[in-house]
Number of protein chains: 2
Amino acid sequence: MDATQMFIKENQQRFLDELFQILKIPSISADPAYTQDVLDMAELNAKFLKNAGLDNVEVCETEGYPVVYAEKIIDEKLPTVLIYGHYDVQPPDPLDKWDSGPFEPVIKKTEIHPEGAIFARGAADDKGQYFMHIKAVEAMIANNQLPCNVKFMIEGEEEVGSESLGGFVKKNKEKLKNDVILISDTSLVAKDIPSLCTGLRGLSYVEVSVKGADMDLHSGIYGGAAPNPINVLCQMIAKLHDENGKITIPGFYDNVIELSTNERAEMAKVPFDLDAYKNSIGIKNIHGEKGYSTNERNSIRPTLDVNGIWGGYTGEGAKTVIPSVAHAKISMRLVPDQNPEKITEMFMDYFKSLAPDSVEVSCKPHHGGLPYVLPSDGKGYEAAKKALSHTFGKETIPFRSGGSIPIVALFEQELGSKSVLMGFGLDSDVIHSPNENYGLFNFYKGIETIPYFFEYFAQD
Amino acid sequence: MDATQMFIKENQQRFLDELFQILKIPSISADPAYTQDVLDMAELNAKFLKNAGLDNVEVCETEGYPVVYAEKIIDEKLPTVLIYGHYDVQPPDPLDKWDSGPFEPVIKKTEIHPEGAIFARGAADDKGQYFMHIKAVEAMIANNQLPCNVKFMIEGEEEVGSESLGGFVKKNKEKLKNDVILISDTSLVAKDIPSLCTGLRGLSYVEVSVKGADMDLHSGIYGGAAPNPINVLCQMIAKLHDENGKITIPGFYDNVIELSTNERAEMAKVPFDLDAYKNSIGIKNIHGEKGYSTNERNSIRPTLDVNGIWGGYTGEGAKTVIPSVAHAKISMRLVPDQNPEKITEMFMDYFKSLAPDSVEVSCKPHHGGLPYVLPSDGKGYEAAKKALSHTFGKETIPFRSGGSIPIVALFEQELGSKSVLMGFGLDSDVIHSPNENYGLFNFYKGIETIPYFFEYFAQD
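Residues numbered from 1 in each chain as written. Chains lettered and ligands numbered in written order. Predicted model: local features only at pLDDT ≥ 70, side-chain atom pairs only at ≥ 80, totals over all residues. Heavy atoms only, no water.

1. A closer look at the packing of helix 13 (residues 378–392) of chain A against helix 15 (residues 440–458) of chain A
Residue and element names in this part refer to chain A. Where we set the bar: Angles here are taken between N-to-C directions and fall from 0 to 180 degrees, while the axes themselves are lines fitted to C-alpha atoms, restricted in helices to the stretch in contact. Under the DSSP-based scheme used, a helix requires at least four consecutive residues in state H or I and a strand at least two consecutive residues in state E, with every element numbered from the N terminus. Convention used here: angles under 35 degrees read as roughly parallel, angles over 145 as roughly antiparallel, angles from 65 to 115 as roughly perpendicular, and any remaining angle as oblique. Less than a right angle of anticlockwise turn of the near helix away from the far helix marks a crossing as left-handed, whereas a clockwise turn marks it as right-handed. Should any heavy atoms of two residues lie within 4.5 Å, those residues are counted as being in contact. Three classes are used: nonpolar for Ala, Val, Leu, Ile, Met, Phe, Trp, Tyr, Cys and Pro, charged for Asp, Glu, Lys and Arg, and polar for all others, with Gly counted as polar.
Taken N-terminus to C-terminus, the directions of helix 13 and helix 15 make an angle of 130°; their axes are 8 Å apart at the nearest point. Here helix 13 lies oblique to helix 15, going by the angle between them. Two packed elements cross with a definite hand, and for helix 13 against helix 15 that hand is right-handed. Residue-level inspection shows Lys379, Gly380, Ala383, Ala384, Lys386, Ala387, Leu388, His390, Thr391 and Phe392 of helix 13 in contact with helix 15, the latter providing Phe441, Lys445, Glu448, Thr449, Tyr452, Phe453, Tyr456 and Phe457. The residue inventory of the contact of helix 13 with helix 15, partitioned by class, reads ten nonpolar, four polar and four charged.

Structure (structure tokens):
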């Protein structure tokens, strides 16, 4: 292990340079204009996996973007760790809010990262995180210290719902066989607190349109007499929450598992500084469901957010138009045991019921994902806990995350194995937002910790 | 008069060709990218006014786009008609909803216009309408049948609030002195019903922004805990109307003049076919303030419409973002005696009061305009009524329009003269919308009618 850790220390600058190569590729899966970049990104991963000493490196075709696979089987009798990550990224817009180019990675010091952070789209989500695994495995292989088998499965459609991954996993069950799935695509609760994510929220996502007249209308001639789809859409959206911030969809909370008083007391131990929270994102006050703390609101409670809205005249100046159509993208974060498909149906039925008879409403569901609670025991969890405690020098704590990684439920169902969510990001990385960044401390701490995970997992 | 009318008949095709030259210029005052086109348009007007035989033609500089002035003073002792129009147009977007280019005028037959209609931005609002006056005056001058003095004042900022016109009028009171102002920038109640607009709604227009966090946030990490400016904006907009469609701004209706039972009974005589109305714009049902008819809702009642809304992710597919800011453009059509400045203040105060303490709200007022009721007697109104009755062969009826022409109130205040709104458009012209059009029947009927107005107005 000393040799591996020494190798990591000596190659720090090279690892960072290589990550920069990855970050420079705009592998935006949501936008067809970047198809070639996403494909190039898959090939670059294959190159790095080969250079790391892995075998059977393959860019596997799927219905959509390819899955990059690689393995190092040192002994069939030893356990196997499957590492999952994704090489696609969210669109970078709004571009004008970035202080440097989203695909021109730079190191800048921040309050949280005085030693520097890597600024680029995908720095934390998830390029900087899956790349830690390639480098950690490279270090173990180079020093003959890989203690068990390892497989990599890096996909290119996570940000658009991992639509082809299900089919790929089903077709390749034997190839993907493993004893634990290790994923770094989440955050620590704080930079100095070793922590493991044990719960993820699910997702339901629907695009809605409200149509009034067949054409845009003059608000002087028709104002007050014809339906205005924007006003109507706003009224419908407003009705989705009650005055206590509860979601009004009938049956929405039916399958929500309420935490026990004990569990809530455990959660309340996670440090939370309201002023620091407000300052970190520049909000005047927090805002959410009555009766729950901020840490509860963003992890164990389901939510409903409008992610985008548009309609009518949005240019400079004034135009007195009543548009024909108004649109919104609305998503719900779900918690155990809410079912995304059922919630999507419930949402669509309820949303349509809110419309007055003057308009037509259409709903288009996007991808969803199951909420998931991970075991906070078991061999994989224990190995991660020990590895983190070792490198941070502190006890590791479990926590629930508000985000969604829908494929975790899929993996358990298809491959029969549990996932361990050992992420090294921070909430302040502002993933999906302008100026996404990933601390150099976190990047190197991850590479340092991963070999210990392998060591502890291979033991006994 | 026969010679004038004969001249008009003989020159029909040339008049249309000339109008096409005007319609080809994208004189969009709202968009600085079209500055040169707006200026070119002013020059082309000057050319046509000169060719029509007018004197002292001048492209007058203002703080903004120029006002084109021209006159023909045949005898200082005779009365003077001042013709007002505007040569700027609304932006044509959404472009993809046009069946032909907005600045490539074509004649197409429609259900309402089996003899053909001119399709182009500005065809009805207002290029096709003010051009009728240039041609009618040309015909009278060419045949020595102009019975009184005439002045033209054609501005280039009507669609952006006529901001420089007030200053121009104040500086040029002597030059603009007149006995009546004649404007064709409104509609007939139906193609075969001679009708004169006797009331206009005023306008208050405010752009609002709701800000949550300083940056876009990941809805998994912050959803449910941080304010979502889109949800908040929708809730605030929804609160602007009550369940009866009444506007909730305190004091909003205080100065609204309610019509008497008799006046409402008079209004109810204007023909209205609900199914035809619904079909003409493709709405499932009408939608408006309880207790008022459609013709009342869009003319004698004040309204509040969101004209544009935007925020968050509006591209293809799904992005789980909570945006930093959401925006809307909100306008109110006002009726006598509501004051636009007061209403704008009331709106901004009330709108801000609707915000939760988690967000910051900012409001930016755009131009407004006073509501106005025109006299349905007096020499100008009588001349227009007689002229219309003559050319349509039917009695002329008065009506109130839902639109706003803020400068009418300004003219009365600064020049001391009344306006006559003798418009020849139709509501189905879809001004401000894609496929704006103006019937050939209406264009030629206007040119035919205007000389009779002059004749009747000069009499006695």
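2. Some details on the side chain of serine 417 of chain A
Residue and element names in this part refer to chain A. The criterion, for reference: Remark: exposure states derive from per-residue accessible area (1.4 Å probe, protein chains only) relative to the maximum for the residue type, with buried under 20%, exposed over 50%, and partly exposed in between. For this analysis, a polar contact is any N or O atom pair within 3.5 Å, provided that within protein one partner can donate a hydrogen and the other can accept it, and provided that sequence-adjacent residues contribute only side-chain to side-chain pairs.
Structurally, serine 417 is set in the loop between helix 14 (407–415) and strand 17 (419–421). A relative accessible area of 4% places serine 417 in the buried class. Among the polar contacts made by the side chain of serine 417, one reaches the side chain of asparagine 178 at a distance of 2.9 Å. Other than its neighbours up to four places away in sequence, serine 417 contacts Asn178, Ile181, Phe411 and Glu412.

3. Focus: the pattern of salt bridges
Here is the rule we go by: Note on definitions: salt bridges are taken to be side-chain nitrogens of Lys or Arg within 4 Å of carboxyl oxygens of Asp or Glu.
Counting across every chain of the model gives 40 salt bridges over all chains. Between aspartate 192 of chain B and lysine 394 of chain B there is a salt bridge, with the nearest N and O atoms lying 3.6 Å from each other. Of this pair, aspartate 192 of chain B sits in the loop between strand 7 (180–183) and strand 8 (195–200) while lysine 394 of chain B sits in the loop between helix 12 (378–392) and strand 16 (397–400), and the two are 202 residues apart along the sequence. The partner of glutamate 360 of chain B in a salt bridge is lysine 211 of chain B, and the shortest N-O contact between them spans 3.6 Å. Of the two residues, glutamate 360 of chain B is situated in strand 14 (residues 360–365) and lysine 211 of chain B in strand 9 (residues 202–211); the sequence distance between them amounts to 149 residues. Here the salt bridges do not stand alone but share partners, grouping Arg14, Glu18, Lys135 and Glu138 of chain A into one network.

4. Looking at the sheet that holds strand 18 (residues 437–439) of chain B
Each strand in a sheet pairs with another by means of backbone hydrogen bonds, the pair being arranged parallel or else antiparallel. All names here are of chain B. Quick reminder of the rule: One requirement defines pairing of two strands: DSSP has to find at least two bridges between them.
The three strands lie next to each other as 4-5-18, forming an open sheet whose pairing is antiparallel. Here the strands that pair on one side only, and so sit at the sheet edges, are strand 4 (106–108) and strand 18. Shown here is a sheet whose adjacent strand axes are inclined to one another by a mean of 30°, direction ignored. Most of the contacts of helix 14 (residues 440–458) go to strand 18, to which it runs at about 60°, and overall it touches strand 4, strand 5 (117–119) and strand 18.

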